[in-house]
Each structure stands twice: as C-alpha cells, then as structure tokens.
Amino acid sequence: PILYSYFRSSCSWRVRIALALKGIDYETVPINLIKDGGQQLAIIEYLEETRPTPRLLPQDPKKRASVRMISDLIAGGIQPLQNLSVLKQVEEELQLTWAQNAIISGFNALEQILQSTAGTYCVGDEVTMADLCLVPQVANAERFKVDCTPYPTISSINKRLLVLEAFQVTHPCRQPDTPTELRA
C-alpha cells in the first residue's frame, strides 16, 4: 500500500504504527499537510478487519469499547483543537496557550479514564488502537510545552510504548520528509 504522509502528522503516525505492528510493508509518499484529517481511525479499523494479527482491538467487547472511547477522545477531542487549521483561527500570540489548554483539558479527562483501564498500556497489557493514538498526542503535548507531570498514567504508558520497535521506526524524526534539523 501507499501511505500519503506528513512527518509530523499525528494521523499519519498512528497509521504508520499500525502498519509496523502488523508487519505491512508500505511506500511513503510525503505530502505537506495543512490540515490533519480524522480518517486514520477508519484506516486502522480497516487494517484490523483485513489483517487481524496482531490485534489492535481486544476481543472482549467491554475492552474494545474502552479502546474506541480513548481513541475517539484523543483523535476527535484533543488533537483537532491543536491542529494548524484551528490554530490559524486564533490570534498568533494566543496560539500556544490555546493549544496547551486544549491538550490539558483533554489530558485531565484521559488521565482519569486511563486510571481505570490501563495495565501495561492504555487498555490492559496488549498494544491497542488507543496506544497508537496516545503516543502522537503526547508528542504534540511536548511540542506545545505542556507539563505532563500531572499525568503519571499517561506518561508511564507513553514511556513503555516508546521503547517498542513499531513506535521507534515510525517516529516523526525518522520519516523521509523530516527536515534535517529534526531528524534523530
């Protein structure tokens, strides 16, 4: 498959992680995104339905619902509010504060949810679609200088995920269109 990707796109990163976890080779076609779309969860669910190993959605219906709820909170409730297309609507001197407030508000809710669903990862002890959403959002939080110390569950899960190969090879600093000064 071909993945049209932008190195810093949270949406593209989530799909790259899913492809890496499932061992699917793909061609990256770098594009300059002005706006992140919300289609990545549909792509990940398609991959899950057509290539179910390893599972990114648990078999247990309650856990699967938790994964979808967390994924939707991040991909639909936090991330879009700090996209460039939204930030352009805010006065330039207020953009950082706007993004920080959106992330902090979302992380306050997410931390509470994860305290009841987390094991090693967001929902239990297997990597799920929720984890694919978490790592790019924590990277965005860091980029927007959000202090993550009030979110120990988010931080510890993120730390455990970042050591996994699929998350390392798909990191924005390792993409073909990453500017030289941002490469690992």
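Every value quoted in this text rests on a predicted model; they were computed, and no experiment measured them.

Novice: Even after reading the chapter, I still don't get the overall build of the protein chain, so can you show me in this structure?
Specialist: Counting its regular elements, the protein chain contains 8 helices and 2 strands. For the protein chain, the sequential pattern of α-helices and β-strands runs β-α-β-α-α-α-α-α-α-α. Since a compact globule built from 184 residues should have a radius of gyration of about 16 Å, the 16 Å found for the protein chain is in line with a globular shape. Taken along its principal axes, the extent of the C-alpha atoms in the protein chain is 45 × 40 × 25 Å. Taken over 184 residues, the protein chain has a buried fraction of 45%. Put simply, 74% of the contacts in the protein chain that link residues at least 6 apart link residues at least 24 apart. Entry remark: accessible area of the protein chain is about 9,300 Å², with carbon and sulfur atoms responsible for 54%. The average position of the 18 basic charges and that of the 20 acidic charges among the side chains of the protein chain differ by 2 Å.

Novice: Looking at this model, I keep getting lost on the packing of helix 1 (residues 10-21) against helix 6 (residues 129-143). Mind explaining?
Specialist: The relative placement of two packed helices comes down to the angle between their axes together with the axis-to-axis distance. For the pair helix 1 and helix 6, interaxial distance at closest approach is 9 Å and the crossing angle is 140 degrees. On the basis of the axis angle, helix 1 is oblique to helix 6. At the point where helix 1 passes helix 6, the crossing takes the right-handed sense. Mapping the contact onto sequence places Ser 10, Trp 13, Arg 14, Ile 17, Ala 18 and Leu 21 in helix 1 and Leu 132, Cys 133, Val 135, Pro 136, Ala 139 and Asn 140 in helix 6. Across the contact of helix 1 with helix 6, the residue classes break down as 9 nonpolar, 2 polar and 1 charged.

Novice: What's the story with the confidence of the model for the protein chain in this structure? I'm lost.
Specialist: Close inspection of predicted coordinates is inappropriate in any region flagged by low pLDDT. Residues at a pLDDT of 70 or more form 96% of the protein chain, whose mean pLDDT is 89. Of all secondary-structure elements in the protein chain, the lowest mean pLDDT belongs to helix 4 (residues 84-87), at 77, while helix 7 (residues 152-162) reaches the highest, 98.

Novice: Just checking my understanding: could you explain the UniProt feature "domain: GST C-terminal" (unreviewed entry) in the protein chain for this structure?
Specialist: According to UniProt, the positions carrying the feature "domain: GST C-terminal" (unreviewed entry) are residues 60-180. Regarding residues 60-180, the helix share stands at 63% and the strand share at 0%, and the terminal C-alpha atoms are separated by 44 Å.

Novice: Hey, could you run me through a nonpolar patch on the surface in this one?
Specialist: A contiguous nonpolar surface patch, about 280 Å² in accessible area, is contributed by Ile 2, Tyr 4 and Ile 31. In this structure Ile 2 comes out as partly exposed when scored by relative accessible area, which is 46%.

Novice: Could you clarify how one ought to interpret the packing of aromatic side chains in this entry?
Specialist: Pairs of aromatic rings are described using the distance from one ring centre to the other and the angle between the two planes. Scanning the entire structure with this criterion turns up 1 aromatic pair. With a centroid separation of 5.5 Å and an interplanar angle of 80 degrees, the aromatic rings of Phe 107 and Tyr 151 are classed as edge-to-face. A residue pair is termed long-range when its members are at least 10 positions apart, and Phe 107 in helix 5 (residues 95-117) and Tyr 151 in the loop between helix 6 and helix 7 qualify at 44 residues. The pair Phe 107 / Tyr 151 is uniform in exposure class, with both members buried.

Here is what the cut-offs are and how they apply
- Residues numbered from 1 in each chain as written.
- Predicted model: local features only at pLDDT ≥ 70, side-chain atom pairs only at ≥ 80, totals over all residues.
- Heavy atoms only, no water.
- Helix = DSSP H or I, 4+ residues; strand = E, 2+ residues; numbered from the N terminus.
- Rg over C-alpha atoms; globule rule 2.2 N^0.38 Å.
- Buried < 20%, exposed > 50% of the residue type's maximum accessible area, 1.4 Å probe, protein only.
- Contact = heavy atoms within 4.5 Å.
- Areas by Shrake-Rupley, 256 points an atom, 1.4 Å probe, with all protein chains shown as cover.
- Lys, Arg positive; Asp, Glu negative; His and termini not counted.
- Charge placed at Lys NZ, Arg CZ, Asp CG, Glu CD.
- Axes fitted to C-alpha atoms, helices over the stretch in contact; angles between N-to-C directions.
- Parallel < 35°, antiparallel > 145°, perpendicular 65-115°, else oblique.
- Left-handed = near helix turned anticlockwise from the far one by under 90°.
- Nonpolar A, V, L, I, M, F, W, Y, C, P; charged D, E, K, R; others polar.
- pLDDT = per-residue confidence, 0-100.
- UniProt positions renumbered as here; feature names shortened; annotations may be inferred.
- Patch = residues over 30% accessible without salt bridge, like charges linked within 9 Å, V, L, I, M, F, W, Y side chains within 5 Å.
- Salt bridge = Lys/Arg side-chain N within 4 Å of Asp/Glu carboxyl O.
- Phe/Tyr/Trp six-rings, centres within 6.5 Å; stacked < 30°, edge-to-face > 60°.

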